[in-house]
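Here's the letter readout for the chains.
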Amino acid sequence: EWNMAATETQSMLSIGLIEKDVNGDTLWVWCYPAVGSEFRQVLLSKCCLTQNNEDFHTFVFGQFCRSWYYISTLEVQEPTPLKKVTHLSVVITAKDFNPEKYAALNRILCRMYIKYGSPVKMMEVYIAVLTKGICQSEENGSFLTKDYDVRKAFLAGSIKDVVSQFGMETIILYTAVILKKRIAVHHPRIEALLEFTRVLPALSWHRKDWSILHPYVHLTDTELEHLSKCPGYIAGFVDPEVSNRSDLFDVYVNLPDSIITVSQNAKEAMMMGKLHKDIGHLILQSAEDTERSDSHVIKDISLKTKQILAHLGTLADQCEGSKITLEHLKQQNFPPATENFLFHLAAAEQILLV
Amino acid sequence: MEEVDKILILALKQVGTELSEEVGSVKDFTSELIVEAVVRCIRVIDPGLGSPLPTSLPPGMSARFRVGMSLAQACQDIGYKGEIGYQTFLYSSETEIRSLLMFLVEKLPRENAEASDQPTGKSAILQRAIAAAIKAQLVEPWLPPNCRLPLHGETQSLGVMHSFHKQPLSLPYCIKDPGKKSLKEVKDYQRDFLPPVTAQLAHNATVAASLLEQHTAELSVAQEWYNEWNSQGLLSRLTPQDYRARKLTRLRKRIEEQLRSAALPPTESAFGGLGATSDLSDILQSFRGSAASAHTLTKGSHFTHSQKFTFTQETEAVPSPARRTDDNHHSQQEELASLQQQFQQLCSDVDQLTTELKHLSVTNAQVLDEFKQRERQNNELEEKIQLKKKTVDLLPDAENNIVKLQALVEASAQRVVNLASQWEKHRAPLIDEHRRLKEICSNQDMESSKKLSEIKVLHDKIRVSTEEAKKKEEIHKQLVTELESLPKDVSRAAYTQRILEIVSNIKKQKEEITKILSDTKQLQKEINGLTGKLDRTFAVTDELVFKDAKKDESVRKSYKYLAALHENCNQLIQTIEDTGTILREIRDLEEQIDTENSNKTVANLEKILEDYKAIRQENSALAAKVREG
């Protein structure tokens, strides 16, 4: 049966296989159709098998150069025709953000490879998903891409946890995301990092842009070079050294210690006033309400954002060409913090007159 | 016996006794000699005991008697266990004197062999020489400058002291890079033009310091390289040049990192200009001393105005105070006003520019963002257009085309899977080969590291043994020189030879004695056995014959002869035994005669009689003196 959701089926870019053998070597052994050598290096560095510590991460994902990668790692257990392999990782690269979908697919592929010992079987499954959007899994049932809606992926994180951890300071995160600033998050454990960062883009729900999310970045030249090309991002680092790299961020979140710091050169743009206080209170209230779920909270936040944007829109309409100018803003006699905020927000929403 | 005597005589000579060359053995010692020798020995052994004793016998008999008694007492105090009295000294016998002298000589305190206790080695000798020289110099008394002799000049005047300055030297042979060949020109320069080390320095006094410094530096470099190479260099399995090159790049990288982290990161952000303006505003703010934000730049507070005032006044204070006060005041006021105006103008210009910059940076960011977004959208739209175009082309014959496309896709999928399986056939063996070779490699690695550690152990052993060998050689050299310098009076080798000969002789004698003893035992056993046999035979014969003797006459006669024969033989045996005993007694008596003879008893008796007569005379003389008065 054909699945005519063309955008979905063409989102998968490639599939790769990494093995760790009894010699302790980790090798990139197979891929289809092709993975560039730079990207391959990055993927190898993300795979937990290449890292010297004994941490074992079943599933990690991240973004590099506007491609999402999803890596599942399994330990090889009997029965299997793979005699010299101790662990293996399956990497799927895709254009879309959908960790749950690709985690499920990865698991199927991993199990298939362990059972049959040949990537050909994996490829059959991959082609089936690519062309038809469905494949039979070894366990009961089948895997359907349409079961994994992208909206579910966006809403999968827990905004309530973020608010409960940072309280009123969540407004800093909100401001940074809304104004398209650079946020650097640090946590020594990658799973915590992924879980936390994936929900932050939901703070600007009206954009539904998860391409600003780079949840797993190492402090290497290649990755940082590509990262610096993005104007605003939410980047997650396991390396605590990132706190010294103030050239990389405007807001720094120390997740284990629950400390948010705004870097010096961004303080002026991130100035906050009464408007922010109101928004902050709203977020807190909504999150503390036990009857409202995460998606409700996000909806509340986005409603408030839409309010502000609508207000900005009316102001813009009063100017010529529907673009706000700073003078017009000044005429409204807002308090300075609010004026500053609206000015930068207009720039972010591209309704500022150039 | 001669060797013992020689040793005794030598020892006594060392103590200080005057012995003439004729005195060859203890037998020749006279009483005076004996007394002198003993007293000197006692003086060395125990000065407290020995000092009151005279070294020569006084002439008077009673005095001699007294001296003999005190000597005997002293010897007993020292610990001599044998029988000793005045007679040992006055009427001496050879054996007694020999044993006494041997005891005393053994008691003499041994000289400590200094050399064997101190550490050996050339440097130790040098240090000892230096210590001795310094000690000698310290012992010399300090003299005031006028009284000093030239030879004191070196040690007691201040003029010769130099501080430890060093200067860099240029030496043709450098340890730094033994593999590097120097250029021909450098070699020529070194050969023809480079002055010798002593001429390279300005001050003659710095030669020693510079040379020491140079050598120590080179030595420490070599030592460090040796240590590093043996610990890390061998492990890295690189050639020395590669290892050095790697180390160099590593150090460079580290320096770069340090510099990078130490230097403040430039305040550049993606909005390039914003950083520069914030710098500028910072500077301005520090100028003015106010903490206002950007939006208050246009306002000037009372405070800032007064600040400006003081600032301009300072510049005004510099020009010379020599101007006339009235005109000065006016012109100064005018200048002040104009400068203030200019300054205000500049400030407002700067403020304006700052705000403009900020605005521009923000809009710049916005535009960039928009541009990127639009580009992406363009690309996406292009792709979509392509797709839609193709679909539109295929639309007319939709059903067929869909079927065809499906078939095409399936065929491609099949083909791709086919290709994958073919590739797999090639790939799998390669990966296996790779893994197998890696295993072999790691095994070899383990083996080579084991061998490396063995090499290290061997190195250490070699080093230790070479050091020990060097030390032993030095000790050997030293001991040989010392041996040569020792006095050759006494030939220890000859003594040791004699001792060994005597020991072997004794061993042989012991063997012979044991042999003789065993022979004797054997004979005794035989005798016992034969005696027993004889008795038994006689008893049996006796009985037999006696039984028949009662009846027959001839038998009775033969019985009488038998008894007589037995009796006579017994007597013979007895006589032989007696002869043997008597011979033994004769031997013993002869020995006793010999020993008694050597005691010089007769001579001593005569001497004693004479002395007795002399004492009686003295006694009578003394008694007469006492009676007289």
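Residues numbered from 1 in each chain as written. Chains lettered and ligands numbered in written order. Predicted model: local features only at pLDDT ≥ 70, side-chain atom pairs only at ≥ 80, totals over all residues. Heavy atoms only, no water.

- Chain B goes by Coiled-coil domain-containing protein 22 in an unreviewed UniProt entry, where it is assigned to Hippocampus comes.
- Quoted straight from UniProt, the Sequence similarities (unreviewed entry) entry for chain B says "Belongs to the CCDC22 family." (UniProt positions renumbered as here; feature names shortened; annotations may be inferred.)

- As annotated in an unreviewed UniProt entry, chain A carries the name DENN domain containing 10 and is attributed to Hippocampus comes.
- Per UniProt, chain A has the following entry under Subcellular location (unreviewed entry): "Late endosome".
- In the Sequence similarities (unreviewed entry) part of its UniProt record, chain A is described as follows: "Belongs to the DENND10 family."

Notes on a negative patch on the surface
Reasoning step 1: A cluster of like negative charges, contributed by E585(B), D588(B), E590(B), E591(B) and D594(B), occupies part of the molecular surface.
Reasoning step 2: Looking at where E585(B) falls in the secondary structure, it is placed in helix α18 (residues 553-598). (Patch = residues over 30% accessible without salt bridge, like charges linked within 9 Å, V, L, I, M, F, W, Y side chains within 5 Å. Areas by Shrake-Rupley, 256 points an atom, 1.4 Å probe, with all protein chains shown as cover. Salt bridge = Lys/Arg side-chain N within 4 Å of Asp/Glu carboxyl O. Lys, Arg positive; Asp, Glu negative; His and termini not counted. Charge placed at Lys NZ, Arg CZ, Asp CG, Glu CD. Helix = DSSP H or I, 4+ residues; strand = E, 2+ residues; numbered from the N terminus.)

Overview of a nonpolar patch on the surface
Reasoning step 1: Together, L126(B), I130(B), I134(B) and L138(B) give the surface a local cluster of nonpolar side chains, amounting to about 420 Å² of exposed area.
Reasoning step 2: Examined against the element boundaries, I130(B) turns out to sit in helix α8 (residues 122-139).

Remarks on the sheet that holds strand β3 (residues 59-64) of chain A
Residues and elements named next belong to chain A.
Reasoning step 1: Spatial strand order, β2-β1-β5-β4-β3: five strands in an open sheet with antiparallel pairing. The outermost strands of the open sheet, each flanked by one partner alone, are β2 (26-32) and β3. Sheet twist, expressed as the mean angle between neighbouring strand axes with direction ignored, is 20 degrees.
Reasoning step 2: The sheet contact formed by strand β1 (residues 12-21) and strand β5 (residues 85-94) spans nine bridges and is antiparallel. Its bridge partner being in β5, L17 is matched across the sheet by V90.
Reasoning step 3: Lying over the sheet, helix α4 (residues 119-132) contacts β1, β2 and β5, oriented at roughly 160 degrees with respect to β1. (Pairing = 2+ DSSP bridges. Axes fitted to C-alpha atoms, helices over the stretch in contact; angles between N-to-C directions. Contact = heavy atoms within 4.5 Å.)

Side note on the state of the cysteines
All names here are of chain A.
Reasoning step 1: Summed over all chains, the structure comprises zero disulfides over all chains.
Reasoning step 2: Free cysteine: C65, not disulfide-bonded; nearest cysteine sulfur from C230 at 8.4 Å.
Reasoning step 3: The exposure class of C65 is partly exposed, given its relative accessible area of 41%. (Disulfide = S-S within 2.5 Å. Buried < 20%, exposed > 50% of the residue type's maximum accessible area, 1.4 Å probe, protein only.)

Structural notes on helix α1 (residues 2-15) of chain B
All names here are of chain B.
Reasoning step 1: The first and last C-alpha atoms of α1 sit 20 Å apart over 14 residues, in line with the 20 Å expected at 1.5 Å per residue.
Reasoning step 2: The complete set of buried residues in α1 reads D5, L8, I9, A11, L12 and V15. When α1 is viewed along its axis, its buried side chains cluster within an angular range of 165 degrees and face the same direction. Turned more than 90 degrees away from the buried face of α1 sit E2 and Q14, all of them exposed.
Reasoning step 3: Looking at the buried positions of α1, the neighbouring elements they touch are α2 (31-45) and α6 (94-107).
Reasoning step 4: The first or second residue beyond α1 is G16, which carries a positive phi of 130 degrees. (Expected span 1.5 Å × (residues − 1). Arc of directions from axis to C-beta.)

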